[in-house]
Amino acid sequence: MSEVRNVIVIGSGPAGLTAAIYAARANMAPLVIEGEPSSTSDQPGGQLMLTTDVENFPGFPDGIMGPELMGNFRAQAERFGAEFLTEKVSRIDFSERPFRVWVRDDEYRAHTIIVSTGAQSLMLGLDSESRLMGHGLSTCATCDGFFFRGQEIAVVGGGDSAIEEATFLTRFADKVTIIHRRDELRASKIMQDRAFANDKIEFLWNHTVTGIHGADKVEGVQVTSTVDGSVSDLAVTGLFVAIGHRPNTDIFRGVLDMEDNGYLITTPDSTSTNIPGVFACGDVKDQIYRQAITAAGSGCMAAIDAERWLEAQHDSAAAVATADA
Ligand code: NAP
């Protein structure tokens, strides 16, 4: 039998690592199961590992790179004794306490669980996507932008992610075409203004990407007009998909209450899930704010909620023991 820990944190983005810092400083000796390095959905450090400059995280007036920020979070959690397992949770059993979590065939047990598995990039749903991912097709400008030096590429989407990716990619590419299905952007005004002022960015309004050309690397994309259905080709050697995200909640399906779109449901003003002792924080339960700072804030809440819940269990166990004596 594995030892029973006070808390296991599943996921290691801003939410999970903040929960780990707070739990570690509360002497809860957290185990953080941080994700799989090879994964693009639940990589250690979360989505900020796929981003560039973070200009809105308080405390960094000159900005900081996403991976560096997450490295700092992790180092801070380690400093207070958080333990890390660089693996992915394969299975859970929250039907009885202590809760059980499996990594491959190894079982880990804990009195409380903090779920901070985050969210991942949505894809267009084209057959060619799996074949061409990493061969001109990407969801991460930070990771892959360098490979497109001097090329003409495209970004799909009209939100902050698409604009941020496109703007970053102009550091490398000669031209970046933003393909958006409507004629106005969803992105914030400041991001829009930045993109409109960038000479290297062009817009293809009212179009969706309906095909990606190329057998073993991207050689162009087929676009279809959302106005008249006409089909045409765009000659690009790279395509970045930035159309939103989906929460990483598959392993909790049928166990933790979630919205139809998979986002976990927590009690208002709390990180409690439907299972007492299991808490959720960060993007996995937030489809409104989805910011690193809000994720970190809710990670702090989850650690405090877990600590107080554990304390209350001890108090009630002690009260029962006294009554029995
Ligand atoms: P988002 O705001 O949901 O935008 C997704 C975009 O993709 C929308 O423009 C949407 O079009 C388009 N889209 C969705 N499905 C599509 C499909 N199948 N084909 C073509 N286009 C499709 O997602 P996001 O940009 O990833 O941003 C998510 C959240 O993170 C937002 O709250 C955002 O503000 C935040 N964020 C902030 C920053 C920053 O402040 N630095 C950076 C990145 C993200 P429609 O507009 O027509 O729906």
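Because the structure is a prediction, the values reported are computed rather than measured.

**Some remarks on the pattern of salt bridges**
Under the definition given, this model contains 15 salt bridges. Notably, a salt bridge pairs Glu83 with Arg5, separated by 3.2 Å at the nearest N-O pair. Within this pair, whereas Glu83 is found in strand β5 (residues 83–85), its partner Arg5 is found in strand β1 (residues 4–10), the two being separated by 78 residues in sequence. Glu83 sits in the partly exposed class, given a relative accessible area of 42%. Through salt bridges that share partners, Asp93, Arg100, Glu107 and Arg109 make up one connected network.

**A word on the domain arrangement of the protein**
Split by domain assignment, the protein resolves into domain 1 (4–121 + 245–324) and domain 2 (128–241). The distance between the C-alpha centroids of domain 1 and domain 2 comes to 33 Å. Listed as interface residues are seven residues of domain 1 and, on the opposing side, 10 residues of domain 2. For the pair domain 1 and domain 2, the summed buried area comes to about 680 Å², and 46% of that belongs to carbon and sulfur atoms. At the boundary of domain 1 and domain 2, one finds one salt bridge.

**A closer look at the site of the ligand**
Residues in close proximity to the ligand total 17 residues, the closest being Gly158, Asp160, Ser161, Arg182 and Arg186. The contact in question runs from an oxygen atom of the ligand to an N or O atom on the backbone of Gly158, over 3.0 Å. The contact in question runs from an oxygen atom of the ligand to an N or O atom on the side chain of Arg186, over 2.6 Å. Protein coverage of the free-state accessible area of the ligand, which is 910 Å², stands at 77%. By residue number, the principal contributor to the shell around the ligand is helix α5 (residues 160–169), which donates three residues. In the shell around the ligand, the residues fall into two nonpolar, nine polar and six charged. Composition of the shell around the ligand by domain shows at least three residues from each of domain 1 (4–121 + 245–324) and domain 2 (128–241).

**Here's the deal with the nonpolar core**
Formed by 32 residues in total, the largest nonpolar core has its most connected members in Leu69, Phe73, Ala82 and Ile114. Broken down by element, the residue count for this core peaks at eight residues, all from helix α7 (residues 292–324). Contacts of Ala82, omitting those with residues within four sequence positions, involve Ala20, Ala24, Pro30, Val32 and Ala77.

**Focus on the pairing of strand β16 (residues 231–234)**
Side-chain positions along a regular strand alternate between the two faces of the sheet. As judged from the four bridges shared by strand β15 (residues 220–225) and β16, these two strands associate in the antiparallel manner. Bridge assignment links Val221 to a residue of β16, and that residue is Leu234. If you look at the hairpin formed by β15 and β16, you'll find five residues sitting between the two strands, and Gly229 has a positive phi there, around 75 degrees.

**Examining α7**
A rise of 1.5 Å per residue sets the reference length of α7, with its 33 residues, at 48 Å; its end C-alpha atoms lie 48 Å apart and thus fit the reference within 8%. Every buried residue of α7 is accounted for by Ala292, Ala295, Ala296, Ser298, Gly299, Cys300, Ala302, Ala303, Ala306, Trp309 and Leu310.

**What about the packing of aromatic side chains?**
Taken as a whole and judged by the stated rule, the model has 10 aromatic pairs. Ring centres of Phe146 and Phe147 lie 6.4 Å apart, and the angle between their planes is 80 degrees; this geometry places the pair in the edge-to-face category. Each member of the pair, Phe146 together with Phe147, is exposed. Considering the side-chain rings of Phe148 and Phe240, the 5.3 Å spacing of their centres and the 70 degrees angle between planes classify their relative orientation as edge-to-face. In this pair, Phe148 is assigned in the loop between α4 (141–144) and β11 (152–156) and Phe240 in strand β17 (residues 238–241), connecting sequence segments 92 residues apart. Relative accessible area serves as the criterion here: at 6%, Phe148 is assigned to the buried category. With a relative accessible area of 0%, Phe240 lands in the buried category. Members of the aromatic cluster, connected to one another through ring pairs, are Phe146, Phe147, Phe168 and Phe172.

**Section: the packing of α5 against helix α6 (residues 189–196)**
The interhelical angle for the contact between α5 and α6, taken along N-to-C directions, is 35 degrees, at an axis separation of 10 Å. Relative to α6, the crossing made by α5 is left-handed. Residues Asp160, Ile163 and Glu164 of α5 lie in contact with α6, whose contacting residues are Met191, Gln192 and Ala195. Taken together, the residues of the contact of α5 with α6 sort by class into three nonpolar, one polar and two charged.

**Some details on α6**
Buried within α6 we find Met191, Gln192 and Ala195. The buried residues of α6 occupy one face: seen down the axis, they fall within an arc of 100 degrees. Of the exposed residues in α6, those oriented more than 90 degrees away from the buried face are Lys189 and Ile190. The secondary structure elements touched by the buried residues of α6 are α5 and β13 (201–204).

Rules used throughout
- Residues numbered from 1 in each chain as written.
- Predicted model: local features only at pLDDT ≥ 70, side-chain atom pairs only at ≥ 80, totals over all residues.
- Heavy atoms only, no water.
- Salt bridge = Lys/Arg side-chain N within 4 Å of Asp/Glu carboxyl O.
- Helix = DSSP H or I, 4+ residues; strand = E, 2+ residues; numbered from the N terminus.
- Buried < 20%, exposed > 50% of the residue type's maximum accessible area, 1.4 Å probe, protein only.
- Domains from an automatic or database assignment.
- Contact = heavy atoms within 4.5 Å.
- Buried area = accessible area lost by both parts, 1.4 Å probe.
- Near = heavy atom within 4 Å.
- Polar contact = N/O pair within 3.5 Å; in protein donor to acceptor, adjacent residues only side chain to side chain.
- Areas by Shrake-Rupley, 256 points an atom, 1.4 Å probe, with all protein chains shown as cover.
- Nonpolar A, V, L, I, M, F, W, Y, C, P; charged D, E, K, R; others polar.
- Core = buried A, V, L, I, M, F, W, Y, C linked by side-chain atoms within 4.5 Å.
- Pairing = 2+ DSSP bridges.
- Expected span 1.5 Å × (residues − 1).
- Phe/Tyr/Trp six-rings, centres within 6.5 Å; stacked < 30°, edge-to-face > 60°.
- Axes fitted to C-alpha atoms, helices over the stretch in contact; angles between N-to-C directions.
- Left-handed = near helix turned anticlockwise from the far one by under 90°.
- Arc of directions from axis to C-beta.

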